[in-house]
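Survey of secondary and tertiary structure
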Amino acid sequence: MKLLGISGGVSQKTFVAIEKALDFAYQYDNSINIEVISIGELDIQFCDGRDPAKYEGDAKLIIDKIIAADALIFGTPMYRGSYTGLLKNVFDLIPNDALMGKPVGLIATGGSDHHYLALEHELKPLLGFFLAHAIPGSVYANNDHYSNRDLVSQEVLDRLRELAESIVNFARILPEDKTSLVGARGPAIGRKPLLKKAS
Ligand SMILES: Cc1cc2nc3c(=O)[nH]c(=O)nc-3n(C[C@H](O)[C@H](O)[C@H](O)COP(=O)(O)O)c2cc1C
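Residues numbered from 1 in each chain as written. Predicted model: local features only at pLDDT ≥ 70, side-chain atom pairs only at ≥ 80, totals over all residues. Heavy atoms only, no water.

1. Details of the overall build of the protein chain
A count of helical and extended segments in the protein chain gives 5 helices and 8 strands. Start at the N end of the protein chain and walk to the C end: the helices and strands fall as β-α-β-α-β-α-β-α-β-β-β-β-α. Referenced to the eigenvectors of the C-alpha coordinate spread, the extents of the protein chain come out at roughly 55 × 40 × 30 Å. Sequence separation of at least 24 residues holds for 77% of the intrachain contacts in the protein chain that already meet a minimum separation of 6. Per element, the accessible surface of the protein chain, about 10600 Å² overall, is 51% carbon and sulfur. Taken together, the 21 basic and 25 acidic charged side chains of the protein chain have centroids lying 7 Å from each other. (Helix = DSSP H or I, 4+ residues; strand = E, 2+ residues; numbered from the N terminus. Contact = heavy atoms within 4.5 Å. Areas by Shrake-Rupley, 256 points an atom, 1.4 Å probe, with all protein chains shown as cover. Lys, Arg positive; Asp, Glu negative; His and termini not counted. Charge placed at Lys NZ, Arg CZ, Asp CG, Glu CD.)

Pasting the structure below:
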């Protein structure tokens with residue numbers, strides 16, 4: 001089982017929280033593969049609507065990693081009450097079925113607790129679009145939970161452990177064909193050919 005963490009910011013706190021969650025998952029089941037990627041460190045081009053198989057470089061890398069993962073944790077710093085533009089671009093790049101039937105956990109960090117529910121209102125609907133299994137119970141950490149780069153709040157660490165163990169448990173009970181537990185698919189969404197650039 002490959003558990004992939006995607007950190008949607010350019011700095012540190014979110015990355016640290018995801019890293020902790022992945023460590024907890026590995027402590028719980030050391031047969032799993034864990035990896036965390038900070039998309040802020042990659043050079044990912046903007047989505048332009050082409051077939052996802054046609055991207056190159058870091059865009060291709062992140063698309064391929066997400067497709068290959070069995071379970072994922074997406075984390076984002078809160079920006080203007082929502083997830084980052086960087087992360088939105090990744091959701092735009094991946095194929096519509098890249099997360100289908102996969103368990104996905106969510107983590108967010110913010111300056112304060114004001115935007116805790118943005119996890120439910122902003123990020124969970126995306127998982128609905130992708131027909132992923134959103135793990136109930138997301139983790140939110142604010143700046144006071146950190147001492148410099150370290151995540152020091154035992155409460156938040158306990159929540160990250162719970163989230164991590166739930167994802168592993170969920171992934172274990174899924175059948176080989178993860179899509180067999182997905183309900184109605186919704187209308188097919190075709191990709192239109194790219195418009196010709198004006199010369
Ligand atoms: C452009 C910008 C917008 C932000 N908007 C919010 C916000 O709406 N709500 C909030 O709680 N924190 C907001 N913050 C604070 C960050 O979410 C917070 O510092 C976060 O923990 C940073 O995580 P990171 O180190 O992973 O980047 C904002 C920060 C920036 C730079």
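That shown, we press on.
2. Here's the deal with the site of the ligand
The environment of the ligand is formed by 16 residues, the closest being Ser11, Thr14, Met78, Gly81 and His115. Threonine 14 is positioned such that a nitrogen or oxygen atom in its side chain is 2.6 Å from an oxygen atom of the ligand. In this structure, arginine 80 approaches the ligand through a main-chain N or O atom, which is 3.0 Å from a nitrogen atom. Out of a free accessible area of 650 Å², the ligand has 74% covered by protein chains. Taken together, the elements giving at least two residues each to the shell around the ligand come down to helix 1 (13-28) and strand 4 (103-110). When its residues are assigned to classes, the shell around the ligand shows 4 nonpolar, 10 polar and 2 charged. (Near = heavy atom within 4 Å. Polar contact = N/O pair within 3.5 Å; in protein donor to acceptor, adjacent residues only side chain to side chain. Nonpolar A, V, L, I, M, F, W, Y, C, P; charged D, E, K, R; others polar.)

3. Let's talk about helix 2 (residues 57-68)
Helix length check: helix 2, at 12 residues, gives a terminal C-alpha distance of 17 Å against a target of 16 Å (1.5 Å per residue), a fit within 8%. Within the span of helix 2, buried status applies to Ala59, Ile62, Ile63 and Ile66. One side of helix 2 carries all its buried residues, which in axial view fall inside an arc of 100°. As for helix 2, its buried residues are in contact with strand 1 (2-7), strand 2 (33-38), strand 3 (71-77) and helix 3 (85-93). (Expected span 1.5 Å × (residues − 1). Buried < 20%, exposed > 50% of the residue type's maximum accessible area, 1.4 Å probe, protein only. Arc of directions from axis to C-beta.)

4. Brief notes about the packing of helix 1 against helix 5 (residues 154-173)
Where helix 1 contacts helix 5, the axes come no closer than 8 Å and their chain directions differ by 55°. Regarding the angle of helix 1 to helix 5, the classification is oblique. Considering how the two elements wind past one another, helix 1 and helix 5 form a crossing that is right-handed. Within the contact between the two elements, helix 1 uses Ala17, Lys20, Ala21, Phe24, Ala25, Gln27 and Tyr28 and helix 5 uses Leu157, Leu160, Arg161, Ala164, Glu165, Val168, Asn169 and Arg172. (Axes fitted to C-alpha atoms, helices over the stretch in contact; angles between N-to-C directions. Parallel < 35°, antiparallel > 145°, perpendicular 65-115°, else oblique. Left-handed = near helix turned anticlockwise from the far one by under 90°.)

5. Some remarks on a nonpolar patch on the surface
Together, Val10, Tyr79 and Leu86 make up a nonpolar patch on the protein surface, roughly 280 Å² of accessible area in all. Checked against the element boundaries, leucine 86 lands in helix 3. (Patch = residues over 30% accessible without salt bridge, like charges linked within 9 Å, V, L, I, M, F, W, Y side chains within 5 Å. Salt bridge = Lys/Arg side-chain N within 4 Å of Asp/Glu carboxyl O.)

6. Observations regarding the environment of serine 180
Within the element layout of this structure, serine 180 appears in the segment after helix 5. Along the sequence, serine 180 and valine 104 sit 76 residues apart, while their C-alpha atoms lie 17 Å from each other. A polar contact is formed between the side chain of serine 180 and the backbone oxygen of aspartate 177, at a distance of 2.8 Å.

7. Structural notes on the packing of aromatic side chains
Summed over the entire model, instances satisfying the criterion amount to 5 aromatic pairs. The interplanar angle of 35° and the centroid separation of 5.8 Å between the aromatic rings of phenylalanine 91 and phenylalanine 130 together place this pair among those described as tilted. Of this pair, phenylalanine 91 sits in helix 3 while phenylalanine 130 sits in the loop between helix 4 (118-129) and strand 5 (133-134), and the two are 39 residues apart along the sequence. For the pair phenylalanine 91 and phenylalanine 130, a shared accessibility class is recorded, and that class is buried. Seen in terms of ring centroids, tyrosine 116 and tyrosine 140 are 6.0 Å apart; in terms of plane orientation they differ by 90°. Their pairing is edge-to-face. One end of the pair, tyrosine 116, is in the loop between strand 4 and helix 4; the other, tyrosine 140, is in strand 6 (residues 139-142), with 24 residues separating them in the sequence. Using a relative accessible area of 38% as the deciding quantity, one classes tyrosine 116 as partly exposed. Accessibility expressed as a relative area gives 4% for tyrosine 140, which makes it buried. An aromatic cluster of three or more residues is present, and its members are Phe74, Tyr83, Phe91, Phe129 and Phe130. Sitting over the ring of tyrosine 146, lysine 13 keeps its end group 5.9 Å from the ring centre. (Phe/Tyr/Trp six-rings, centres within 6.5 Å; stacked < 30°, edge-to-face > 60°. Lys NZ or Arg CZ within 6 Å of the ring centre and 35° of its normal.)

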